[in-house]
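Single-letter residue listing:
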Amino acid sequence: MASLIQRVTVRIPASTSNLGPGFDCLGVALRIYNAMTVWRTTKREVWAPIVSTAADLFFKETKRQCFSFSCSAIEKIPRSRGLGSSATIRLGILHGLNELAGKPLDRLSIFQLCAELEEHPDNAAPSSFGGFTVVRGENVQCLEVAPRLKFVLLIPNFEVRTSEARKILPAKISRASAVENVGNACALTAAFASRDYESLRCAFVDRLHQPFRKKLIPFLSRVITAAEKAGAIGAFLSGSGSTICAITLRDPKKIAAAMQRAAKSKSQIAITTADNHGVQIRNLQSVIRNF
């Protein structure tokens, strides 16, 4: 006699990635969530590619017999805004199927599958593990982020596709630009590790991707400047955009108002803190079967 999981709900946090200079390496999980519910069915369904490719990879990697399933999502993370929405959907499917299949994969393995599907790991890592994450190949390091650090998000009313935002990046940058980015990314990591968040000032400057993505978000520079003048420690393009994120220890509403005034474009504001838990499995439902 064994318990067979029939239905599972997975909660996955949003993420802000790159943090300026940490292109495809750095990210922070945020307390904004998508929830995916996955359950066994008797009838095979046709899914959107983001679901079907995740399911196909899961069954291929685990070598488990395929089974029919259905799923639904409660989405609080806006799509194509640089907040890791696609990673949360993929992680929800992968973790949901993993629970239904008897947990053949650990959390690190599921992260690696998601990063493969995403083709970059900087959203999959924080959403998987929570906190501030540094990804180097298949190695992930995680650091808790104190709740006193606030994240102010200016979320424009237009989407930016990651694929389009990558196409406009140059094949090469100067050595001086590369050295500056490496130094800033190291400074960010040291500040998060020590929780000396004031030392994050001036460390969000990027020469690798933000200067070129201004074409897609023309108000990026003036919003960053406005946030810093209003008291933010720093600000940066969240992922590939269109969201712009400011980090602060005080006056988040004042900073949010300054960012909206500078954008001069329809947008929404979200003020949040870091999520230090990552993916969470909730509402397991099972049946007892004789074997």
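Residues numbered from 1 in each chain as written. Predicted model: local features only at pLDDT ≥ 70, side-chain atom pairs only at ≥ 80, totals over all residues. Heavy atoms only, no water.

Here's the deal with the overall build of the chain
No. 1: Looking only at helices and strands, the chain features nine helices and ten strands.
No. 2: Taking 291 residues into account, the globule formula puts the C-alpha radius of gyration at 19 Å, and the chain, at 20 Å, falls close to it.
No. 3: Projected onto its principal axes, the C-alpha coordinates of the chain cover approximately 65 × 40 × 35 Å.
No. 4: Burial status across the chain gives 54% buried among its 291 residues. (Helix = DSSP H or I, 4+ residues; strand = E, 2+ residues; numbered from the N terminus. Rg over C-alpha atoms; globule rule 2.2 N^0.38 Å. Buried < 20%, exposed > 50% of the residue type's maximum accessible area, 1.4 Å probe, protein only.)

Some thoughts on the nonpolar core
No. 1: In this structure, Val38, Phe69, Ile93, Leu94, Leu97 and Phe111 are the most contacted members of the largest nonpolar core, which totals 36 residues.
No. 2: Of all elements in the fold, only strand E1 (2-17), strand E2 (26-40), helix H1 (49-62), strand E3 (69-75), helix H2 (85-100), helix H3 (107-118) and helix H4 (124-129) reach the threshold of two or more residues within this core.
No. 3: When residues in this core are grouped by element, the largest group, seven residues, is from H2.
No. 4: Ignoring anything within four residues of it in the chain, the contact list for Phe69 reads Val38, Trp39, Arg40, Thr41, Glu45, Trp47, Val51, Ala55, Ile93 and Leu97.
No. 5: Core analysis: the next-biggest nonpolar cluster, separate from the first, contains 30 residues, Leu26, Val134, Phe192 and Leu200 among them. (Core = buried A, V, L, I, M, F, W, Y, C linked by side-chain atoms within 4.5 Å. Contact = heavy atoms within 4.5 Å.)

Description of the pattern of salt bridges
No. 1: Scanning the model with the defined rule gives ten salt bridges in all.
No. 2: Taking the shortest distance from any N to any O, the salt bridge between Glu159 and Arg161 comes out at 3.4 Å.
No. 3: Between Arg250 and Glu198 there is a salt bridge, with its nearest N and O atoms 3.5 Å apart. Residue Arg250 is found in the loop between strand E8 (244-248) and helix H9 (252-263), and its partner Glu198 is found in the loop between helix H6 (175-194) and helix H7 (210-213); the two are separated by 52 residues along the sequence.
No. 4: Here Arg250 falls in the partly exposed class, since its relative accessible area comes to 43%.
No. 5: Overlapping salt bridges, with partners in common, bring together Arg81, Glu159 and Arg161 in one network. (Salt bridge = Lys/Arg side-chain N within 4 Å of Asp/Glu carboxyl O.)

Some points on the side chain of Thr273
No. 1: Tracing the backbone shows Thr273 in the loop between strand E9 (267-272) and strand E10 (280-289).
No. 2: Relative accessible area serves as the criterion here: at 15%, Thr273 is assigned to the buried category.
No. 3: The residues touching Thr273, leaving out its near neighbours within four places in the chain, are Ala29, Leu30, Arg31, Pro147, Leu149, Lys150 and Phe151.

Notes on the packing of aromatic side chains
No. 1: Enumeration over the complete set of coordinates arrives at eight aromatic pairs.
No. 2: Aromatic side chains Phe58 and Phe59 sit 5.3 Å apart centroid to centroid with 75 degrees between the ring planes, which places their arrangement in the edge-to-face category. One exposure class covers both Phe58 and Phe59, and it is buried.
No. 3: Here the aromatic cluster, defined as three or more aromatic residues joined through ring pairs, consists of Phe58, Phe59 and Phe67.
No. 4: Over the ring of Trp39 we find Arg7, and its NZ or CZ is 4.4 Å from the ring centre.
No. 5: In this structure, Arg11 is placed above the aromatic ring of Tyr33, and the distance from its NZ or CZ to the ring centre is 3.8 Å. (Phe/Tyr/Trp six-rings, centres within 6.5 Å; stacked < 30°, edge-to-face > 60°. Lys NZ or Arg CZ within 6 Å of the ring centre and 35° of its normal.)

Topic: the confidence of the model for the chain
No. 1: Across the chain, the average pLDDT comes to 93, with 96% of residues at 70 or higher.
No. 2: For the stretch residues 287-291, pLDDT sits under 50, and the model shows 13 contacts to residues farther than four places along the chain or on other chains. (pLDDT = per-residue confidence, 0-100.)

Some remarks on the packing of H1 against H2
No. 1: Between H1 and H2, the least distance of the axes is 9 Å, while the angle of their chain directions is 40 degrees. The angle between the axes of H1 and H2 places the two elements in the oblique class. Crossing angle aside, the handedness with which H1 passes H2 is right-handed. Across the interface between the two elements, Ile50, Val51, Ala54, Ala55, Phe58 and Phe59 of H1 pack against Ser86, Ile89, Arg90, Ile93, Leu94, Leu97 and Asn98 of H2.
No. 2: Of the residues contributing to the contact of H1 with H2, the split by class is ten nonpolar, two polar and one charged. (Axes fitted to C-alpha atoms, helices over the stretch in contact; angles between N-to-C directions. Parallel < 35°, antiparallel > 145°, perpendicular 65-115°, else oblique. Left-handed = near helix turned anticlockwise from the far one by under 90°. Nonpolar A, V, L, I, M, F, W, Y, C, P; charged D, E, K, R; others polar.)

Thoughts on H3
A turn of α-helix holds 3.6 residues, and therefore any two residues three or four places apart point the same way.
No. 1: Along its twelve residues, H3 runs 16 Å from first to last C-alpha, staying within 8% of the 16 Å computed at 1.5 Å per residue.
No. 2: Those residues of H3 hidden inside the fold are in contact with H1, H2, H4, strand E4 (132-136) and strand E5 (139-143).
No. 3: One or two positions beyond H3, positive phi appears at Glu119, with a value near 70 degrees. (Expected span 1.5 Å × (residues − 1).)

Structural notes on unusual backbone geometry
No. 1: Each neighbour pair has its own omega, and for Gly241 with Ser242 the value is 15 degrees, a cis peptide bond.
No. 2: Tracing the sequence through the fold places Ser242 in the loop between strand E7 (234-237) and E8.
No. 3: You will see that Asp24, though not glycine, has its phi angle at about 65 degrees, which is positive.
No. 4: The residue Asp24 is located in the loop between E1 and E2 in this model.

Concerning the pairing of E7
No. 1: Neither face of E7 is exposed, since Gly234 and Phe236 on one face and Ala235 and Leu237 on the opposite face are all buried.
No. 2: Where E7 and E8 come together, four bridges link them in antiparallel fashion. Opposite Ala235, over in E8, you have Ala246 as the bridge partner.
No. 3: Adjacent in sequence and paired antiparallel, E7 and E8 are bridged by six residues, among which Gly239 carries a positive phi angle near 60 degrees. (Pairing = 2+ DSSP bridges.)

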